[in-house]
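Residues per chain are reported as follows:
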Amino acid sequence: MRRPLVAGNWKMHGSRAENSALVSAILQGLSGDDGVEVAVCPPFVYLADVIRAVKDTPVAVGAQNVCAEPVGAFTGEVSSAMLRDIGCKYVIVGHSERRQIYREDDALVARKFLAVQQQKLTPILCVGETLEEREKTETEHVVARQLDAVLAVAGIGALAQAVVAYEPVWAIGTGKNATPEQAQAVHAFIRGRLARQDANIGGAIRILYGGSVKAANAGELFGMPDVDGGLVGGASLKGEEFMRICGAARS
Ligand code: PEP
């Protein structure tokens, strides 16, 4: 049984006051059962505040990015050890905004994945194709390339302590989500590719869907057999909406 995970990616949004209200709404909306794991990923500067605010609650906290290097003269960067030190559990690596805007390539994403695991944190590895790639029927090729880059440096065993998020780039922040069937097809492809190397790991890994998830579409997306929850951007900034999405993932 895979326990669903819904993680909110706050991106570069929020303020101390807004975060405090959002965390309160999330804590109020928790159902008390553990049928779904809830996580939030605030900007770096607010991580420690949010970690304090959710202390002794089931809500986990993740970072949105990390430096691939362990320590040293890397002005402006944040290491995995620092994220662990303050109490993060998850780290998003390879988000399409990092890949596209900041030119992070597969090799760098793989190094970040390793750096996160070396600190015993759990990477949420984002993969997904652009609209152009989908239209050229290259979705599986692109997703396989992004996965294989990590497998090449980390090995299949590393995926036992990881989460994958399938996020079609054309669905992120556009209001146009993948259909449940489109998501399921790629999720099954990802699981199958991992299962080919290790059936247990392929069967157990959580594969989240991301891309314009909202309360109105979460149920049908999360109802697909290989969709184990979501990575949620815009809708994670509204407490009640986010908690309805979490409710839709409850197993
Ligand atoms: C994301 O940023 O990972 C994302 C899925 O964003 P949105 O839900 O806004 O499409």
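Per chain, residues are indexed from 1 in the order of the written sequence. Only residues with pLDDT of 70 or above have their local features reported here, since the model is predicted, and side-chain atom pairs are shown and tallied only from 80 upward, although totals for entire chains, interfaces and linings are computed over all residues. Neither water nor hydrogens contribute to the side-chain values; these are computed over all heavy atoms in the structure.

Turning our attention to the sheet that holds strand β3 (residues 60-63). As summarised here, the arrangement of the eight strands in space is β1-β2-β3-β4-β5-β6-β7-β8, forming a closed barrel in which the pairing is parallel. Strand-to-strand twist across the sheet, computed as the mean angle between neighbouring axes with direction ignored, equals 25°. Of the pairings in the sheet, the one linking strand β2 (residues 37-41) to β3 comprises two bridges and is parallel in character. Considered in β3, the bridge of Ala39 is made with Ala60. A pair of strands is labelled paired if DSSP reports no fewer than 2 bridges between them. Think of it this way: any DSSP run of H or I at least four residues long counts as a helix, any run of E at least two long counts as a strand, and we number them from the N terminus. Lines fitted to the C-alpha atoms define the axes, with helices restricted to the stretch that makes contact. Angles between their N-to-C directions range from 0 to 180 degrees.

As for its position among the elements, Pro168 is in the loop between β6 (163-166) and α8 (180-197). Once the C-alpha coordinates of Pro168 and Thr130 are considered, the two residues, 38 residues apart in sequence, prove to be 6.4 Å apart.

Note: α-helices contain 3.6 residues per turn, so residues at a spacing of three or four share the same orientation. The classification of residues rests on relative accessible area computed with a 1.4 Å probe and restricted to protein chains. Under 20% of the type maximum is buried, over 50% is exposed, and intermediate values are partly exposed. Taken residue by residue, helix α11 (residues 239-249) has Gly239, Glu241, Phe242, Met243, Ile245, Cys246 and Ala249 as its buried positions. Buried-residue contacts for α11 involve β1 (5-9), α1 (16-29), β2, α10 (215-222) and β8 (229-232). Whether two residues are in contact is decided by their heavy atoms, any of which lying within 4.5 Å being enough.

Before going further, it helps to examine the pattern of salt bridges. Should a side-chain nitrogen of Lys or Arg be within 4 Å of a carboxyl oxygen of Asp or Glu, the pair is scored as a salt bridge. Tallied over the entire structure, the rule returns 18 salt bridges. Taking the shortest distance from any N to any O, the salt bridge between Arg52 and Asp49 comes out at 3.0 Å. Taken together, the positions of Arg52 and Asp49, both in helix α2 (residues 44-53) and three residues apart, correspond to about one turn of that helix. Salt-bridge contacts for Arg111 lead to Glu69; the nearest nitrogen and oxygen are separated by 2.4 Å. Within this pair, whereas Arg111 is found in helix α5 (residues 106-118), its partner Glu69 is found in the loop between β3 and α3 (80-86), the two being separated by 42 residues in sequence. Using a relative accessible area of 27% as the deciding quantity, one classes Glu69 as partly exposed. Each member of the salt-bridge network shares a partner with another, and the members are Arg2, Arg191, Asp226 and Asp228.

A few words now on the layout of surface pockets. Taken as a whole, the largest pocket holds about 470 Å³ of empty space. Using a 1 Å grid laid over the protein atoms alone, points where a 1.4 Å probe fits but cannot get out form a cavity; open sets with protein on both sides within 12 Å along at least 5 of 7 lines form a pocket; any residue with an atom within 4 Å of a point counts as lining. If you go around the largest pocket, you meet 15 residues; those closest to its centre are Lys11, Met12, Gln64, Arg98 and Tyr102. For the lining of the largest pocket, the elements supplying multiple residues, two or more each, are α2 and α4 (96-101). The element contributing the most residues to the lining of the largest pocket is α4, with three residues. For the lining of the largest pocket, a count of residues per class yields eight nonpolar, four polar and three charged. In this structure, the second largest pocket encloses a volume near 230 Å³. Grid points are joined across faces, edges and corners, and a volume is the space filled by probe spheres set on the points. Each residue is assigned to one class: nonpolar for Ala, Val, Leu, Ile, Met, Phe, Trp, Tyr, Cys and Pro, charged for Asp, Glu, Lys and Arg, and polar for all the others, Gly among them.

Quick look at unusual backbone geometry now. A positive phi is found at Asp56, a non-glycine position, where the angle reads about 65°. Turning to its location among the elements, Asp56 is positioned in the loop between α2 and β3. Unusually for a residue other than glycine, Ser212 sits at a positive phi of about 60°. Assignment of secondary structure puts Ser212 in the loop between β7 (206-210) and α10.

Now for the pairing of β2. Extensive coverage of β2 is indicated by the burial of five of its five residues. Residue alternation in β2 divides its side chains into two sets, Glu37, Ala39 and Cys41 and Val38 and Val40, and both sets are buried. You can see the chain leave β1, run along α1 and come back into β2, and the turn it takes is right-handed. When the strands point away from the viewer, a crossover counts as right-handed if the route from the first strand across the helix to the second turns clockwise. Taken together, β2, α2 and β3 constitute a β-α-β crossover, and its handedness is right-handed.

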